[in-house]
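Commentary on secondary and tertiary structure
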Amino acid sequence: MTKAQIGLFGLGTMGSNLALNIAEKGHAVAVYNRTAEKTGTFFENAGDLRERIVPCATLAEFVKQIKPPRPIILMVQAGKAVDEQIAALREHLDAGDMIIDAGNANFRDTIRRYTELEGSGLTFVGMGVSGGEDGARHGPSIMVGGPEEAWIRIQPILEDIAARFHGEPCAAWLGPGGAGHFVKTIHNGIEYADMQMIAEIYGILRDGAGMAPGEIADIFERWNAGPLDSYLVEITATVLRTRDAASGKALVDVIADQAGQKGTGRWAAVEAQLMGVPATTIETAVAARSLSAEKDLRLAAEKAYGAPAAPSITADAAFIDDLENALLAAKVAAYAQGFAVMEEASSEFRWNLPLGMVARIWRAGCIIRSQFLSEIATAYEASAEPAHLLLLPAFMKTMSGASPSLRRVVARAVEAGLPVPALGAAVTYFDAFRQGRGTANLIQGQRDFFGAHGFDRIDGSGEHHGHWLRT
Ligand code: ATR
């Protein structure tokens, strides 16, 4: 076989599926894994694709099997392993070669690694890959950060392996340095918010209206044919409908109510805070997962305060319609927050992130893929200036129509004692966002009272201090 066009290091779930995807699209790929047995098993199971896969037992052989200048995708566990393997690869690579970190890196690590490799003759690219196992195998959404020349070199392969939305590849160069991994982080933050809001609606129907999983599945399935059409709503219906072979019950009813998290949603919330951008729905979704993990504490609290009230909500057609609109309005608020964080990061790191393009490459392949993202892409691309999503005409129309439902649903849930942290954060974010005169005048008064921090006046310029009454 002639030399491979690309190398892939790391044959975990994501790496092996990505390697098969590359081979299937007609590109010869050299593969290597720290534990050599995995490389052997992977190759044995690759079927017809074996003719375009070069399994390598050592790093030296792996590098030798790739045609220079070499693009090498690194798909190992995020963190220390990436630094270790960059150092190991450096021993074997030549000037012009490129290391593409496709793992779930923190974008600040990506910026550091990029800087560390500057001047070495090697190029470093941070690439966000979304879509899970299935996405990696059949077409993920690919978010690339690094030098534009590097993107131009690897673009043909990446566009071949990416998901497609009406023929358009869901892969793009988003900016230098950590831009790709940052956008992936925000994608995951939005994903947490989407999933939490869906779970809260499920909670209202389960605990408020006393509905069975199958009945709730019917509702989500119906919604998936409307404006909420999305992968997450679709799989929610399927998850709710699946039965457990062992107990005969709905599988969802035997799953422990403690959510795991790998950290990327938390990074999104942390970055939003560091940049001073309110992203309360995303932050709340992360916090809700943390609270879900505190099972013992929650059981003790339920014992201390009493079990929740019996179902008290009548889920008639009007209420179900309200729930659908509530989820839509809350989704707009959550996405608006995520996009606002990206806009701030774009100016802070001088990435010039193409927000319309971000929405475009999220339309297929990734976990938050949806019809809704097409509307975001169109709305951003129609706007001359970067604007807050809530101020783009298409979304102003959606919010004007759907936000009263969100308000009614949150009010009803709060009244019934049903937790709706993310939906509640969405409506209160919207209300605070659209309030021309807020209440921070009182905060400024308090700050000046105890700390002489000063304040602006509405009727004059300059900084002022109050002559406060003191007892
Ligand atoms: P996934 O979820 O895709 O399976 P992961 O757990 O993030 O992946 O990473 C697993 C991959 O990272 C494996 O290929 C693993 O190699 P081994 O099969 O040898 O365990 C690789 N990996 C983890 N730590 C590594 C390290 N320090 N050096 C090299 N590869 C490492």
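A short tour of the structure in this document, coming up. Source: prediction; values computed, not measured.

1. Comments concerning helix α12 (residues 264-275)
- The end-to-end C-alpha separation of α12 is 16 Å, in line with the 16 Å expected for 12 residues at 1.5 Å each.
- Along α12, the positions that sit buried rather than exposed are T264, G265, A268, A269, E271, A272 and M275. Considered in projection along α12, the buried side chains sweep an arc of 160 degrees and stay on one side of the axis. Exposed side of α12, more than 90 degrees from the buried face: Q273 and L274 are the residues found there.
- The elements touched by buried residues of α12 are α5 (107-117), α8 (179-208), α13 (280-293) and α15 (317-348).
- Where α12 terminates, the next one or two residues include G276, which has phi positive at roughly 70 degrees.

2. Some details on the packing of α12 against α13
- Contact pair α12 / α13: the axes reach a minimum separation of 9 Å and the direction vectors enclose 135 degrees. Overall, the two elements α12 and α13 adopt an arrangement that is oblique. Judged by the twist between their axes, the crossing of α12 over α13 is left-handed. Taking contact as the criterion, the partners of G265, R266, A268, A269, A272 and Q273 in α12 are, on α13, I282, E283, V286 and S290.
- Split by residue class, the contact of α12 with α13 holds five nonpolar, three polar and two charged.

3. Remarks on the site of the ligand
- Around the ligand sit 14 residues in total, of which T13, N33, T35, K38 and Q85 are the nearest.
- Within the backbone of L11, an N or O atom sits 3.3 Å from an oxygen atom of the ligand.
- In the model, an oxygen atom of the ligand is placed 2.7 Å from a nitrogen or oxygen of the K38 side chain.
- Considering the ligand on its own, with 650 Å² of exposed area, one finds that the protein chains cover 78% of that surface.
- Of all the secondary structure elements, the ones that give two or more residues to the shell around the ligand are α1 (13-24) and α4 (80-90).
- Split into classes, the residues belonging to the shell around the ligand amount to four nonpolar, seven polar and three charged.

4. Some details on the side chain of N106
- Checked against the element boundaries, N106 lands in the loop between β5 (98-101) and α5.
- In terms of polar contacts, N106 uses its side chain to reach the backbone amide nitrogen of R108, at 2.8 Å.

5. Remarks on the sheet that holds strand β10 (residues 171-175)
- The strand order across the open sheet formed by eight strands is β3-β2-β1-β4-β5-β6-β7-β10, and the pairing between neighbours is mixed. In this open sheet, the two edge strands, each paired with only one partner strand, are β3 (53-55) and β10. Ignoring strand direction, the axes of neighbouring strands in this sheet form an average angle of 25 degrees.
- Across four bridges, strand β1 (residues 6-9) lies against strand β2 (residues 29-32) in parallel orientation. Paired with F9 across the strands is Y32, a residue of β2.
- On top of the sheet, α5 reaches β5 and β6 (123-130); it is set at about 160 degrees to β6, its chief contact.

What counts as what
Residues numbered from 1 in each chain as written. Predicted model: local features only at pLDDT ≥ 70, side-chain atom pairs only at ≥ 80, totals over all residues. Heavy atoms only, no water. Helix = DSSP H or I, 4+ residues; strand = E, 2+ residues; numbered from the N terminus. Expected span 1.5 Å × (residues − 1). Buried < 20%, exposed > 50% of the residue type's maximum accessible area, 1.4 Å probe, protein only. Arc of directions from axis to C-beta. Contact = heavy atoms within 4.5 Å. Axes fitted to C-alpha atoms, helices over the stretch in contact; angles between N-to-C directions. Parallel < 35°, antiparallel > 145°, perpendicular 65-115°, else oblique. Left-handed = near helix turned anticlockwise from the far one by under 90°. Nonpolar A, V, L, I, M, F, W, Y, C, P; charged D, E, K, R; others polar. Near = heavy atom within 4 Å. Polar contact = N/O pair within 3.5 Å; in protein donor to acceptor, adjacent residues only side chain to side chain. Areas by Shrake-Rupley, 256 points an atom, 1.4 Å probe, with all protein chains shown as cover. Pairing = 2+ DSSP bridges.

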